[in-house]
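# Summary of the model geometry
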2 protein chains.
Amino acid sequence: MKINRRLFIKTGLAGAALAAVGCKPNVEEKQEEVKTTAADNKFHLSCADWTFHLFDIDTALKTLQQCDIHYLCIKDFHLPLDSTEEQIKAFHAKCAEFGVTGYGVGPIYVNTKEEVDKAFEYTRKVGAKIMIGVPKYELLPYVDEKIKEYPEIKYAIHLHGPDQDQYQDATVVWEKVKDLDPRIGMCLDIGHDFRNGADPVADLEKYHTRVFDMHIKDETDNTKDGTCIELGRGKIDFPAFVRMMRKVGYDGMCSLEYEKDMDNPFMGIAESYGYLKAVCNLA
Amino acid sequence: MKINRRLFIKTGLAGAALAAVGCKPNVEEKQEEVKTTAADNKFHLSCADWTFHLFDIDTALKTLQQCDIHYLCIKDFHLPLDSTEEQIKAFHAKCAEFGVTGYGVGPIYVNTKEEVDKAFEYTRKVGAKIMIGVPKYELLPYVDEKIKEYPEIKYAIHLHGPDQDQYQDATVVWEKVKDLDPRIGMCLDIGHDFRNGADPVADLEKYHTRVFDMHIKDETDNTKDGTCIELGRGKIDFPAFVRMMRKVGYDGMCSLEYEKDMDNPFMGIAESYGYLKAVCNLA
């Protein structure tokens, strides 16, 4: 927890000046948070591969290179679950050509124990430290058991808003994982959280100990009808969200998952990264 | 001048608290500027058509529509100087289809009195309230005479950095125009100003009474070797520039002129607008 380190008791200029002239302050002491800046950012900007689900991996990587983004959460349409060691090695080599590191895998939906096994083994072979997963509720005890075999992997459950009958928002995921292995947490999809009527800023503060990854997007509305839009044009409060990432010391990835105009998302991706970079510097 | 309205004498919390307990303050009164916000922005984001000099007008307009930008400074390769009234009407109609207004024309280089005449007549026919111009120095007295025939037009001289032997930066333009008609001023190209070793923020403060238009870009360096780069990735201090636009009450256009990868500038344009929008909101 870094937050307490950045809080201090501050009487303010008033108190200092009063002390200087020998007066007792008649203003109350108050606890005030120091304004954070970009220097306090511990997170990295990245991309969720779903953004490119209609494109090949070369197009995805070239786009990230153009946007000066260096981390990708790999989806299985670009690196299948049954990939050989050689195929995985070739995939990483290709990423490296574009200055990109595949930092995680998923989302991987699992409906059976065998699929859970396969997903963990895939994650290990890929060398990812994080798997975004969507296990059926009844598989959670098995995931909790299985993760103990993989001490280097964090399991981040993806939340998906009002469109699905499970993991609708951060609170739902929290309730499901809070008593499980501490390496089982969530991929906070701020768009779907917002579409479920939740407040991603407040949720990050409440649940940050189990937030291992993020899907970053903006939404036209905080209802089921809300749709993805270029960052900054929608209703999510990104400056507040960035300040909260600093406050809770979030040091993971912020993966843009851009879901507008998916057959031609490139301009929207670029605009969104431009916006997000400025917010990360100025909020 | 809006600036004085937004300055106020402030003794600070210290003074207020000291007064409350009947102590004389031992801290100096100081003049402090109130922090401005996006609500104080009087300018609009726009685009300099040179950005699209390798593309047709439809591509330019579609790009601006995608970026949610609604103003264009028209270059003659998209609307020639000898256009008929009908062609001009058709051009404006096409812009309107994409939600774009052609607010100005230029830059128009002029080397003879006849060219000055033609440029003013073109601007009038187009219905633009501003012409970006580059007149040879010896034509300035003629421009000063001619502008009196066009009371609705402002003439903004484009500055072009160390690559040219005239109008290198804002100071050079200022010296040339300060005694001419008050409607002769400059298009502050912050990239070229910066490449000439000048400080665009300081120059805007000094010369704002004659800054009628702007070309917005970022640069890799403040020398002749500096090249255009996506906004936010270079060395220009955009937050300071935006705050200065507010401080001087700049109410004109901020036209992005993107000059990197000109054969495929689209991602850079989008990233730059995303960045600029966030800075305009947060600086």
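Remember, predicted model here, so these are calculated numbers, not experimental data. (Residues numbered from 1 in each chain as written. Chains lettered and ligands numbered in written order. Predicted model: local features only at pLDDT ≥ 70, side-chain atom pairs only at ≥ 80, totals over all residues.)

## Regarding the confidence of the model for chain A
Residues and elements named next belong to chain A. Mean pLDDT over chain A works out to 91, with 88% of the residues at or above the 70 mark. With pLDDT under 50 throughout, residues 1-29 is counted as low confidence; its partners more than four residues away or in other chains account for 46 contacts. Interface confidence in the predicted complex, given as ipTM, is 0.87; pTM for the same model is 0.88. (pLDDT = per-residue confidence, 0-100. Contact = placed C-beta atoms within 7 Å.)

## Observations concerning the environment of B:Met214
All names here are of chain B. With respect to the helices and strands, the residue Met214 is situated in strand S9 (residues 211-216). Its 28 C-beta neighbours within 10 Å are what place Met214 among the buried residues. The sequence separation of Met214 and Phe55 amounts to 159 residues, and the corresponding C-alpha distance is 22 Å. Here Met214 is in contact with Cys187, Leu188, Ile190, Gly252, Met253, Cys254 and Ser255, once residues within four sequence places are set aside. (Helix = DSSP H or I, 4+ residues; strand = E, 2+ residues; numbered from the N terminus. Buried ≥ 20, exposed ≤ 12 C-beta atoms within 10 Å, placed from the backbone.)

## Here we look at the packing of helix H9 (residues 238-247) of chain B against helix H10 (residues 266-282) of chain B
Residue and element names in this part refer to chain B. Viewed as axis vectors pointing N to C, H9 and H10 meet at an angle of 55°, and their least axial separation amounts to 9 Å. With respect to H10, the axis of H9 lies oblique. The interaxial crossing formed by H9 with H10 has right-handed handedness. Here Phe238, Pro239 and Val242 of H9 lie close against H10, whose contacting residues are Leu276, Val279 and Cys280. (Axes fitted to C-alpha atoms, helices over the stretch in contact; angles between N-to-C directions. Parallel < 35°, antiparallel > 145°, perpendicular 65-115°, else oblique. Left-handed = near helix turned anticlockwise from the far one by under 90°.)

## Looking at helix H6 (residues 170-177) of chain B
Residue and element names in this part refer to chain B. Those residues of H6 lying buried are Ala170, Val173 and Val177. Down the axis of H6, the buried set is contained in an arc of 65°. They therefore lie on one face. Summarising the contacts, the buried residues of H6 are in contact with strand S7 (154-158), strand S8 (184-189), helix H7 (190-195) and helix H8 (200-207). (Arc of directions from axis to C-beta.)

## Brief notes about the environment of A:Ile69
All names here are of chain A. Counting through the fold element by element, Ile69 comes out in the loop between helix H2 (57-66) and strand S4 (71-74). Ile69 sits in the buried class, given 23 other C-beta atoms within 10 Å. Between the C-alpha atom of Ile69 and that of Pro265, which follows or precedes it by 196 residues, the distance is 16 Å. For Ile69, the contacting residues outside a window of four places in its chain are Leu45, Ser46, Cys47, Leu64 and Tyr273.

## A look at the nonpolar core
Counting residues in each nonpolar core, the largest one holds 155 residues, and the members touching the most others are A:Met186, B:Ile157 and B:Met186. Sort the elements by how many residues they give to this core and H10(B) lands first, with 10 residues. Not counting the four nearest positions on each side in its chain, B:Met186 is found in contact with B:Ala156, B:Ile157, B:Leu159, B:Ala170, B:Val173, B:Val177, B:Tyr207, B:Arg210, B:Val211 and B:Phe212. (Core = buried A, V, L, I, M, F, W, Y, C linked by C-beta atoms within 7 Å.)

## A short note on the sheet that holds strand S6 (residues 130-135) of chain A
Residue and element names in this part refer to chain A. The sheet built from 8 strands closes into a barrel, its strands ordered S3-S4-S5-S6-S7-S8-S9-S12 with parallel pairing. Pairs of neighbouring strands in the sheet enclose a mean axial angle of 30°, with direction left out of account. In terms of strand pairing, strand S8 (residues 184-189) meets strand S9 (residues 211-216) through 4 bridges, oriented parallel. Opposite Cys187, over in S9, you have Asp213 as the bridge partner. Set on the sheet, helix H6 (residues 170-177) makes contact with strand S7 (154-158) and S8; between it and S8 the angle comes to about 175°. Packing of helix H8 (residues 200-207) onto the sheet brings it into contact with S8 and S9, and relative to S8 it is tilted by some 165°. (Pairing = 2+ DSSP bridges.)

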